[in-house]
Amino acid sequence: MSTTPRCAARVSTPGTRVSSHQCTRKAVEGDYCKIHHPDQVKTRYEASRARFMDDVKKSPLGQLLALQTANEETLSALRAELVSTKNTLSNTLNPPNTEWRLRGVAQGLQFAIDLLTSTDTP
Ligand SMILES: [Zn+2]
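Residues numbered from 1 in each chain as written. Predicted model: local features only at pLDDT ≥ 70, side-chain atom pairs only at ≥ 80, totals over all residues.

**Comments concerning the domain arrangement of the protein**
A common way to state how big an interface is: give the accessible area lost once the parts meet. Considered domain by domain, the protein is made up of domain 1 (10–57) and domain 2 (69–117). Using only C-alpha atoms to locate each centre, domain 1 and domain 2 end up separated by 58 Å. (Domains from an automatic or database assignment.)

**Focus on helix α1 (residues 38–58)**
The α-helix advances 3.6 residues per turn, and as a result positions three or four apart in sequence lie on the same side. Between its terminal C-alpha atoms α1 stretches 30 Å, which fits the 30 Å expected from 21 residues at 1.5 Å a residue. Counting buried residues in α1 gives 0 out of 21 residues, a small share hidden from the surface. (Helix = DSSP H or I, 4+ residues; strand = E, 2+ residues; numbered from the N terminus. Expected span 1.5 Å × (residues − 1). Buried ≥ 20, exposed ≤ 12 C-beta atoms within 10 Å, placed from the backbone.)

**Digging into the environment of Leu-102**
Mapped onto the secondary structure, Leu-102 falls in helix α3 (residues 95–117). Classification of Leu-102 as partly exposed rests on a count of 17 C-beta atoms within 10 Å. Sequence separation between Leu-102 and Asp-54 is 48 residues, and the spatial gap between their C-alpha atoms is 51 Å.

Structure follows, in structure tokens:
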């Protein structure tokens, strides 16, 4: 019987998906071999995840999501600007002489706001 401790990790048996066995490598870092040491496993997982997320960002779906986010930010900024303009006009125009114009402008701005915030797809 060997006196060198073996790595404590369980690994899948090649060629199967349901069978596993104890790693056959020597335990050199705590209870694990270099490959199965938790720090190494975590480092490899994070590197793999970073590569995956890079691939997702470069994919058509990732690019579409980035465009969607940019569009939502632009729409939000436009909406805020339209509301601000509408409020400025409401506060600065003289109501008795220009009320009918103000209503037209406000209706136009409200229409633009509704159009920009509509969730309906064309
Ligand atoms: Zn191992």
